[in-house]
Amino acid sequence: MAGFYTCGPNEALIVSGCCHAKPKMVVGGRLLVFPCVQKIGRLPLNVITTKIVTKQVYTALGVPINVTGTAQIKIHSKEKKSLMSAAELFMNRTAMQINKICSETLEGHQRAIMGTMTVEDIYKNRAAFSEQVLQVASTDLMSMGIRVISYTINEVTDEEGYLKALGKPRTAEVKRDADIGNAEAKRDAGIEEARANQRNMEAVYANKITTAQAQRDYLLKKAIYDEETFTKKAVSELAYELQSAKTQQRIKEETMQIKVVERQKQIAIQEQEITRKQRELDAQVIKPAEAEAYKIEMLAEAERNKRVIEAEARAEAIRLKAEAQAFAIEAKAKAEAEQMAKKADAWNEYKDAAMVDMILQQLPKIAAEVAAPLQNVNKITLVAGPNGEVGAAKLTGEVLEIVRRLPKVIEEITGVDMSKAMKISTRA
């Protein structure tokens, strides 16, 4: 089924077959492919790092050495011819497979160059060796569409100790020169150290002298400056204190003014509050109190009028009652006077008989008064002689005896003999 195939910038897409006399190649793009009549392939364009290890290769003087190098290679996609050659050789191969082929090619060229050079040349002139290997290998690899970006030697070793022995004379020479140089350096260092110490002491003493002079100059100038400074400071402090006093005075004046204004405002507020409270007092206390006082006054007036009327009514009633009583007394007095007059006439006419009649009328009361003490007695014990009465008859006889003696008593008091008077009255 036809469709578009794409590849990234690190990849090349190759299409061959129907409609293409030559393979169609595109880097980082897309192509319309008909799989039934066309074939599609891919080439990796990433940089490939290959390690080239050549062991036991005999150099120009027959010394076997080992060389390890590193090369950076990639498919050359900038030229269409190189890309076509790479497509013919490496299409659909992996980067590992390409690395193996190129590594073997580079190793062969590295081995060939090693056989034409001495150990000293390879060891000392690694750049020249690398350049020769790069030139020779680039030609062959470019024919396969591969470009060698860089080539470097990592390590040169041998198993016979040749390189170690090659370095011993130079090492001894270097050590000797190093020891001589070290001794000379120590000598020169000692001399220079003594000279330096001398110069240092001279510099120290000179520095001390300069320091003392500078200290003296400093103290003199400091004294002058201190005098000026203290003078100016005292003047400044006095001016500051004066200005501070003035400022404080102004602040106090402003504060007092603020307090006066605040006090005036407070007075105004208090006056307003007094007015408000007076109005509130008038509305809530004085007016109701005046109304209540008026009410009480009216009620008192009404009560006073009521009491006056009641007093007048009572006085009138008393007057009428007094008049009635006076009339009754007068009538009663008249009646009593008339009765007394009649009694007097009767007494004048009857005299002793009237007296007796009056006594007889009072006799029951006298008997009752005589017997009254007996009502308060709870128990009475009567003792009689051998010839006397006993019991209630004795008690009754005692009372009657008292009553019987009354005429004698009356006669002694009034001079009226009741027996005679009663006999005269009976005859009449």
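All values derive from a computational prediction rather than experimental measurement.

If you look at the biggest cluster of nonpolar residues, it comprises 38 residues, and the most contacted ones within it are Leu 43, Ile 65, Ile 75, Phe 129 and Ile 146. Ignoring sequence-local partners within four residues, the contact set of Ile 146 consists of Ile 73, Lys 74, Ile 75, Phe 90, Ile 98, Cys 102 and Leu 141. Cys 7, Val 15, Val 26 and Val 33 belong to the second largest nonpolar core, which has six residues in total.

What describes a pair of aromatic rings is the distance from one ring centre to the other and the angle between the planes of the rings. Tallied over the full model, the rule gives zero aromatic pairs. In this arrangement the basic side chain of Arg 30 is found over the ring face of Phe 4, its NZ or CZ atom lying 4.8 Å from the centre.

Side chains of Phe 4, Leu 32, Phe 34 and Val 37 sit close together on the surface and give an oily, nonpolar patch of about 370 Å² of accessible area. Secondary-structure assignment places Phe 34 in the loop between strand 4 (30–33) and strand 5 (38–44). Overall, the relative accessible area of 34% leaves Phe 34 in the partly exposed class.

What the three strands build is an open sheet, ordered 6-7-8; its pairing is antiparallel. At either margin of the open sheet sits one strand with a lone partner, and together these are strand 6 (48–58) and strand 8 (146–157). Looking at each pair of strands side by side, their axes are set apart by 20° on average, direction ignored. Direction of pairing for strand 6 relative to strand 7 (residues 64–75): antiparallel, over a ladder of nine bridges. Its bridge partner lying in strand 7, Val 53 is registered against Thr 68. Where helix 4 (residues 126–143) meets the sheet, it contacts strand 7 and strand 8, and its direction lies at approximately 145° from that of strand 8.

The next thing to look at is the confidence of the model for the protein chain. Per-chain confidence: the protein chain averages 77 in pLDDT, with 81% of residues scoring 70 or above. Mean pLDDT in the protein chain bottoms out at helix 9 (residues 418–427), which sits at 61, and peaks at strand 7, which reaches 87.

The rules behind these values
- Residues numbered from 1 in each chain as written.
- Predicted model: local features only at pLDDT ≥ 70, side-chain atom pairs only at ≥ 80, totals over all residues.
- Heavy atoms only, no water.
- Core = buried A, V, L, I, M, F, W, Y, C linked by side-chain atoms within 4.5 Å.
- Buried < 20%, exposed > 50% of the residue type's maximum accessible area, 1.4 Å probe, protein only.
- Contact = heavy atoms within 4.5 Å.
- Phe/Tyr/Trp six-rings, centres within 6.5 Å; stacked < 30°, edge-to-face > 60°.
- Lys NZ or Arg CZ within 6 Å of the ring centre and 35° of its normal.
- Patch = residues over 30% accessible without salt bridge, like charges linked within 9 Å, V, L, I, M, F, W, Y side chains within 5 Å.
- Areas by Shrake-Rupley, 256 points an atom, 1.4 Å probe, with all protein chains shown as cover.
- Salt bridge = Lys/Arg side-chain N within 4 Å of Asp/Glu carboxyl O.
- Helix = DSSP H or I, 4+ residues; strand = E, 2+ residues; numbered from the N terminus.
- Pairing = 2+ DSSP bridges.
- Axes fitted to C-alpha atoms, helices over the stretch in contact; angles between N-to-C directions.
- pLDDT = per-residue confidence, 0-100.

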